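Examining the three-dimensional arrangement
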Amino acid sequence: MSSNLKSAGNAFSGVYGFLMTAIGCALGIGTIWRFPYSLGANGGAIYLIAYVAIIAAIGVPLLAAETAIGFKSQKTAVLAYRELSPDRKIWSIAGYLHFAAALMIISYTLPIYAWILGYLYNTVAGTFAGLNANGLSSFFEQFSADKPLIISLMMLNIAINMLVLRGGVKKGVELLTKALLPVLGVIMVVLIIAGLRMEGAFEGVKYLFKPDYSLFNISSLKNALGQAFYAIGLAILANMVFGSYLKNPDENIGKTSAVICISLVTAGVMAGLMIFPALFASGLKAQSGVALVFMTVPLIFDTMPLGRLMGTLFFLGFYIAALTSSTGVAEAVIGMIMEQFHMSRKKTLPFLIAIMTIIGYFALPAGDFFNICDIITSNYLIILGALAIAIFTGWIWGVDNFVEAINVKNHFVKLWMKISVKYIAPVVIVIIFVTSIFL
């Protein structure tokens, strides 16, 4: 690793710090906001089955591969590819692809962070008490259209992120996730129990776990692939950079990758159980997109005992998840800029703030530009980036070097990792990607 990064203290305190930070990245808006509405819009349980199958078959191996590239090279993205394949420097382009995906994700989603903060305040203030669906819809339209307010909340969120990021890895991102992830877990369990206790909640459970084949097609499969990669944080720089922050040469990357993936699947199911049972118990219809959380969830808490408290806990947990995710990905972006351009953290932060603010501004009010960014990142940059990781690891760097780097001892797991990364992952990604374009 470069002396610049060494001097910046970019290393985890241990594997627990790495796991908490990586899981924090996974438990962001991709899991709490994006996964539940993707689940509802694409056939419920059949989508969940496809999602879990994709993660098990190729998600864990690809996460291990991406982390291993950073771990073995002890460098970030572009320089990592160059280090492991010095004769094929064209692969460094993949590093820039990961960087672009990460920068876009932490920037175009800024309106969502602003909405979470705004809804947290309004829930505490009791603004949503007594509002019906039409009233809540009108509130959301007026609130999201109030550019000065949303920009102010966006900048507040950026300021909170930068305050964390100033502390670096150990004293910033790692410390944050260690403190807040247990809090998020408790909040989710409390809300799940409260929702399941409501009369009619079982209909929401059925909605989650009873497959609706009429809503599932090849586009759903592509969505599940993109969602899996989005939730894992695959090909968005973080895992590769965090791999370079691991210093124990005997670290079992395969095991940690499995733990991260199991955690995010569990969190995704918990997010669904946190929303849908209470949603159906309240007599509301499941909706997709932004409406699911911001135009429906406040109605749930208005009908729930201790609704204001539960609503406050929900949006607090939502922001904790979003914050741990955004700071994790932003730390990866900072780490790459620092190493690539030999910049100090102090100089990198203002540069990152400027880029995020510009992209975030154009993403307001989560309209066409926002949707374009979402499609580009989840359906193209992430999927193509994951394909690049699979091909590079399987065919350029080599699967034998890969399994040696991740310190997996079990022969079956080694074989699974090799076959998945070299053959299954590239084929599955190409088939789903190409088919979805033409069908």
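Residues numbered from 1 in each chain as written. Predicted model: local features only at pLDDT ≥ 70, side-chain atom pairs only at ≥ 80, totals over all residues. Heavy atoms only, no water.

Here we come to the overall build of the protein chain. What the protein chain contains, in helices and strands, is 20 helices and zero strands. Its C-alpha radius of gyration of 21 Å places the protein chain within 12% of the 22 Å reference for a compact globule of 439 residues. In terms of overall dimensions, the protein chain has C-alpha extents of about 65 × 45 × 40 Å along its principal axes. In the protein chain, buried positions account for 61% of the 439 residues. Considering only residue pairs separated by 6 or more positions, the protein chain has 84% of its internal contacts joining residues 24 or more positions apart. Taken as a whole, the protein chain presents about 16,800 Å² of accessible surface, with 66% of it coming from carbon and sulfur. Here the protein chain contributes 27 positively and 18 negatively charged side chains, and the mean placements of these two sets differ by 7 Å. (Helix = DSSP H or I, 4+ residues; strand = E, 2+ residues; numbered from the N terminus. Rg over C-alpha atoms; globule rule 2.2 N^0.38 Å. Buried < 20%, exposed > 50% of the residue type's maximum accessible area, 1.4 Å probe, protein only. Contact = heavy atoms within 4.5 Å. Areas by Shrake-Rupley, 256 points an atom, 1.4 Å probe, with all protein chains shown as cover. Lys, Arg positive; Asp, Glu negative; His and termini not counted. Charge placed at Lys NZ, Arg CZ, Asp CG, Glu CD.)

To continue, consider the side chain of Asn161. Along the chain, the position of Asn161 falls in helix α9 (residues 147–165). Given a relative accessible area of 3%, Asn161 falls into the buried group. Setting aside residues up to four positions removed in sequence, Asn161 forms contacts with Tyr319, Leu323, Ser326 and Thr327.

Counting residues in hydrophobic clusters, the biggest one holds 160 residues, and the most contacted among them are Leu62, Phe229, Phe294, Phe314 and Phe402. The biggest single contributor to this core is helix α17 (residues 307–341), with 17 residues. Setting aside chain neighbours within four positions, we find Phe402 in contact with Pro61, Ala64, Ala65, Ala68, Thr393, Trp397, Met417 and Val421. (Core = buried A, V, L, I, M, F, W, Y, C linked by side-chain atoms within 4.5 Å.)

As a further point, take the packing of aromatic side chains. Throughout the structure, instances matching the rule amount to 30 aromatic pairs. Here Tyr207 and Phe280 contribute two aromatic rings whose centre-to-centre distance is 5.1 Å and whose plane-to-plane angle is 40 degrees, an arrangement assigned as tilted. Of this pair, Tyr207 sits in helix α11 (residues 202–209) while Phe280 sits in helix α14 (residues 253–281), placing them 73 residues apart in sequence. Classification of Tyr207 by relative accessible area gives partly exposed; the value is 26%. (Phe/Tyr/Trp six-rings, centres within 6.5 Å; stacked < 30°, edge-to-face > 60°.)

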